[in-house]
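Topology and contacts: notes
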Amino acid sequence: RWWFEVGIQQGGRIESHGCHICAESGKYISLMWQALLLPCAHPEPTSSQPGGGKHCVTATVRLTPARIYAGTAIAVAAASAAVIPAGPTARQQSPGAVRAALRALRLDNDMAALLAHGALADAAADVLAQAVAVDSARGRTATADLDWRRVRRSTLAALVSDDIPFLLWARLLHEASHRYVLAARRVLSPPLARALTHPASLAATKALLSQIVYESATAVAYLGLQAYMRGGGAAEAWAEVRAKFWRVWVDGLAFFSATYLVVFALPHYSMQVVVDNIASLVFNMYLSHVSHRKRGPPVPHSNSFCPR
């Protein structure tokens, strides 16, 4: 069985150990926890302090890369299927009262649903990055002891530096392109207006702006936040950005050039956000790897790690 123990402090210091919280002086409430994806193994107590009543058990996550690949694929696919129908005509396209109610709920909470989808993809990216490292070193059936603090840190960094900004950026470009199309058709000759307002031209322009402006800002924010949240402070965050920004930006240029053409060719910004979240899952695996790699002497760009 698996359980989750919560220490109720009665004047002692509380420490966190994996799935448990251990108190030097306190009572314990044991709740049965039937883990579906993240079971916790509980070895015998490793230490006991006289008079302090300290009884700590360290929990270890027992997963294999193969199970992680399957679990994250199912979770992301299910979340994407739940969010994708949230389009502008979803209410009229919903046969049946239950499906209509569910789609109306997604429409009424569109931004929250898109951010939740992005957060799930961010967490999956770091979990997969750790699983790939274990897979490369010991194989798909080896036990992967995941660092959940790293997962939380990477998820928060990606949410703040990419998910929330891209939601606003995609909406800004979507609304600005409509105004641009109307203005071009009023001012320019019909042939020129048709060429400049063609969906392919608009997608290419949005992709170019995103690479120059958006990707530069989000790369700086992600690398800096990762270093800062690891306890390095502002100076360490800036040193991390200076050491790794150029490589990340160039790899992002290679990865997102074609991706953004597909993303911005989609008709509605909510669909653009969902597809970008899925694409960013792959790139965030690379970002997680780079941000947790120790800085060293410069390495030629051709040797950089970028999942293809």
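Before going into details, it helps to say that this report is about the structure given with it.

Parameters and conventions
Residue numbers restart at each chain and count upward from 1, following the sequence in its written direction. In keeping with the predicted nature of the model, local features appear solely for residues at pLDDT of at least 70, side-chain atom pairs appear and are counted solely at 80 or more, and the whole-chain, interface and lining totals rest on all residues. Derived side-chain values reflect all non-hydrogen atoms in the structure, with water molecules and hydrogen atoms excluded from consideration. Residues enter patches when they are more than 30% accessible in relative terms and free of salt bridges; like-charged ones are connected within 9 Å and nonpolar ones (Val, Leu, Ile, Met, Phe, Trp, Tyr) within 5 Å. Calculation of accessible area relied on Shrake-Rupley with a 1.4 Å probe; when residues are assessed, cover is drawn exclusively from the protein chains displayed. Just to be clear on terms, a salt bridge is a Lys or Arg side-chain nitrogen sitting within 4 Å of an Asp or Glu carboxyl oxygen. Here a strand is any run of E in DSSP of at least two residues, a helix any run of H or I of at least four, and the numbering for each starts at the N terminus. Helix span is expected to be 1.5 Å times the residue number reduced by one. Between buried and exposed lies partly exposed: a residue is buried under 20% and exposed over 50% of the maximum accessible area for its type, with that area taken using a 1.4 Å probe on protein chains only. Polar contact is defined as a pair of N or O atoms within 3.5 Å, subject to the rule that within protein one atom must be able to donate a hydrogen and the other to accept it, and that residues adjacent in sequence are counted only when both atoms are side-chain atoms. Fitting a line to C-alpha atoms yields each axis, with helices limited to the stretch in contact; the angle taken between N-to-C directions then spans 0 to 180 degrees. Here the angle decides the label: under 35 degrees means roughly parallel, over 145 means roughly antiparallel, 65 to 115 means roughly perpendicular, and every other value means oblique. Crossing handedness follows the turn of the near helix against the far one: under a right angle anticlockwise gives a left-handed crossing, and clockwise gives a right-handed one. When checking whether two residues touch, look at their non-hydrogen atoms; a contact exists if any pair is within 4.5 Å. As a working rule, the residues Ala, Val, Leu, Ile, Met, Phe, Trp, Tyr, Cys and Pro are called nonpolar, Asp, Glu, Lys and Arg charged, and the rest polar, with Gly in that last group. Ring pairs are drawn from Phe, Tyr and Trp, using the six-membered ring of Trp, whenever the two centres fall within 6.5 Å, and their geometry is named by plane angle: stacked under 30 degrees, edge-to-face over 60, tilted for the rest.

1. Remarks on a nonpolar patch on the surface
There is a patch of nonpolar side chains on the surface, built from M111, I164 and L168 and spanning about 270 Å² of accessible area. Structurally, L168 can be placed in helix α4 (residues 148-187).

2. Remarks on helix α3 (residues 110-138)
The end-to-end C-alpha distance of α3 is 42 Å, a good match for the 42 Å that 29 residues give at a rise of 1.5 Å each. In the segment just after α3, G139 is the residue with positive phi, at about 100°.

3. Some remarks on the side chain of S270
For S270, the position within the fold is in helix α7 (residues 269-291). What makes S270 buried here is its relative accessible area of 4%. A polar contact of 2.8 Å, which involves the side chain of S270, links it to the side chain of H268.

4. Focus on the packing of α3 against α7
Close contact between α3 and α7 brings their axes to 8 Å; oriented N to C, the two are set at 20°. Our classification of the angle between α3 and α7 gives roughly parallel. As α3 packs across α7, the resulting crossing turns out to be right-handed. Between α3 and α7, the contacting residues are D110, L114, H117, G118, A121, D122, A124, A125, D126, L128, A129 and V132 on the first element and Y269, S270, V273, V274, N277, I278, L281, N284, M285 and S288 on the second. In the contact of α3 with α7, the residues fall into 13 nonpolar, six polar and three charged.

5. Regarding the packing of aromatic side chains
What the rule picks out here adds up to eleven aromatic pairs. Measuring from centroid to centroid gives 6.3 Å for F166 and Y260, while their planes differ by 5°, and the two rings are stacked. Taken as a pair, F166 in helix α4 and Y260 in helix α6 (residues 199-263) lie far apart in primary sequence, 94 residues in all. Consider the rings of F283 and Y286, whose centres lie 5.2 Å apart with planes at 50°: the pair is tilted. Pair noted here: F283 and Y286 are both in helix α7, with a separation of three residues, about one helical turn. Using a relative accessible area of 0% as the deciding quantity, one classes Y286 as buried. Three or more aromatic residues joined by ring pairs form one cluster here, namely F166, W169, Y214, F255, F256, Y260, F264, F283 and Y286.

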